[in-house]
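Close look at the chain arrangement
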Amino acid sequence: MGTRIGYAAGAFDLFHVGHLNLLRHAKQQCDILIAGVVSDEMLRQVKGIEPVIPTAERAEIVSHISFVDDVYVETSPSKLDAWEDVRFTHFFKGDDWRGTDKGLRLEREFAEVGVEVVYFPYTAHTSSSALRRALDAITAGANAQPVAASR
């Protein structure tokens, strides 16, 4: 059996325990783990979100996680483009993609080049979307002007 090269991609913006769990579980399944960090431009284009932490800083953070062997910055929306550059054998994703149109399409595309898609449990209690909502609420509260008491 050859070297198992794993690839786990994400924005890794507002880094949280779900991100850490994905990378930890991925490393347990491969010899070399490459973390794909989605660039600012791709986050804007594909997800329509403005990243809080810039690409270079997110890549730096992820590169210093002990079970990440290398980081690849994604500048194309196609995961096959990442595969062309990295040549991973296993692609790791949260199981919130399992059975979805996106997940099934990814499985078909990767099957054609011999890549196995492996799903891990999604950390439902923590997500970047939930963190963004919390930050928005905090910001809205901080920006609210106190109402003067009437006499």
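The name an unreviewed UniProt entry assigns to the chain is Glycerol-3-phosphate cytidylyltransferase, from the organism Microbacterium saperdae.

Next up on the list: the pattern of salt bridges. Applying the stated criterion across every chain yields a total of five salt bridges. R87 serves as the salt-bridge partner of E84, at 3.2 Å between the closest nitrogen and oxygen. Judged by relative accessible area, E84 falls into the partly exposed class, the value being 45%.

Moving on: the environment of A9. Within the secondary structure layout, A9 lies in strand 1 (residues 5-10). Taking the C-alpha atoms as reference points, A9 and G36, 27 residues apart in sequence, are found 4.0 Å from one another.

Looking now at the packing of helix 4 (residues 79-86) against helix 5 (residues 101-111). The interhelical angle for the contact between helix 4 and helix 5, taken along N-to-C directions, is 35 degrees, at an axis separation of 10 Å. In terms of crossing hand, the pair formed by helix 4 and helix 5 is right-handed. Taking contact as the criterion, the partners of K79, L80 and W83 in helix 4 are, on helix 5, L106, E109 and F110. Of the residues that constitute the contact of helix 4 with helix 5, the class distribution is four nonpolar, no polar and two charged.

Time to look at the side chain of T55. Of note, T55 is situated in helix 3 (residues 55-63). Among the residues examined, T55 registers a relative accessible area of 12% and is labelled buried. Those residues in contact with T55 that sit more than four places away from it in its chain are V37, S39, D40 and V73.

Overall, the coordinates contain eight aromatic pairs when judged by the stated rule. Look at F88 and F110: their rings are 5.5 Å apart centre to centre, the planes differ by 85 degrees, and that puts the pair in the edge-to-face class. Of this pair, F88 sits in the loop between helix 4 and strand 4 (90-94) while F110 sits in helix 5, and the two are 22 residues apart along the sequence. A relative accessible area of 2% means that F88 is categorised as buried. Sitting over the ring of W83, R87 keeps its end group 4.0 Å from the ring centre. One residue, K93, lies across the ring of W97, its end atom 4.3 Å from the ring centre.

Our next topic: the sheet that holds strand 4. Within a sheet, adjacent strands bond to each other through the backbone by hydrogen bonds, running parallel or antiparallel. An order of 3-2-1-4-5 is seen for the five strands of this open sheet, with the pairing classed as parallel. Edge positions in the open sheet fall to strand 3 (70-74) and strand 5 (116-120), since each of these has one partner strand only. Averaged over all pairs of adjacent strands, the angle between strand axes in this sheet comes to 30 degrees, irrespective of strand direction. Across six bridges, the pairing between strand 1 and strand 2 (residues 32-38) is parallel. Following the sheet pairing, I5 is matched in strand 2 by I32. In the packing of helix 1 (residues 17-28) onto the sheet, the strands contacted are strand 1, strand 2, strand 4 and strand 5, and the crossing angle to strand 2 comes to about 150 degrees. Sheet strands in contact with helix 3 are strand 2 and strand 3, and its direction is about 160 degrees off that of strand 2.

Conventions and cut-offs
- Residues numbered from 1 in each chain as written.
- Predicted model: local features only at pLDDT ≥ 70, side-chain atom pairs only at ≥ 80, totals over all residues.
- Heavy atoms only, no water.
- Salt bridge = Lys/Arg side-chain N within 4 Å of Asp/Glu carboxyl O.
- Buried < 20%, exposed > 50% of the residue type's maximum accessible area, 1.4 Å probe, protein only.
- Helix = DSSP H or I, 4+ residues; strand = E, 2+ residues; numbered from the N terminus.
- Axes fitted to C-alpha atoms, helices over the stretch in contact; angles between N-to-C directions.
- Left-handed = near helix turned anticlockwise from the far one by under 90°.
- Contact = heavy atoms within 4.5 Å.
- Nonpolar A, V, L, I, M, F, W, Y, C, P; charged D, E, K, R; others polar.
- Phe/Tyr/Trp six-rings, centres within 6.5 Å; stacked < 30°, edge-to-face > 60°.
- Lys NZ or Arg CZ within 6 Å of the ring centre and 35° of its normal.
- Pairing = 2+ DSSP bridges.

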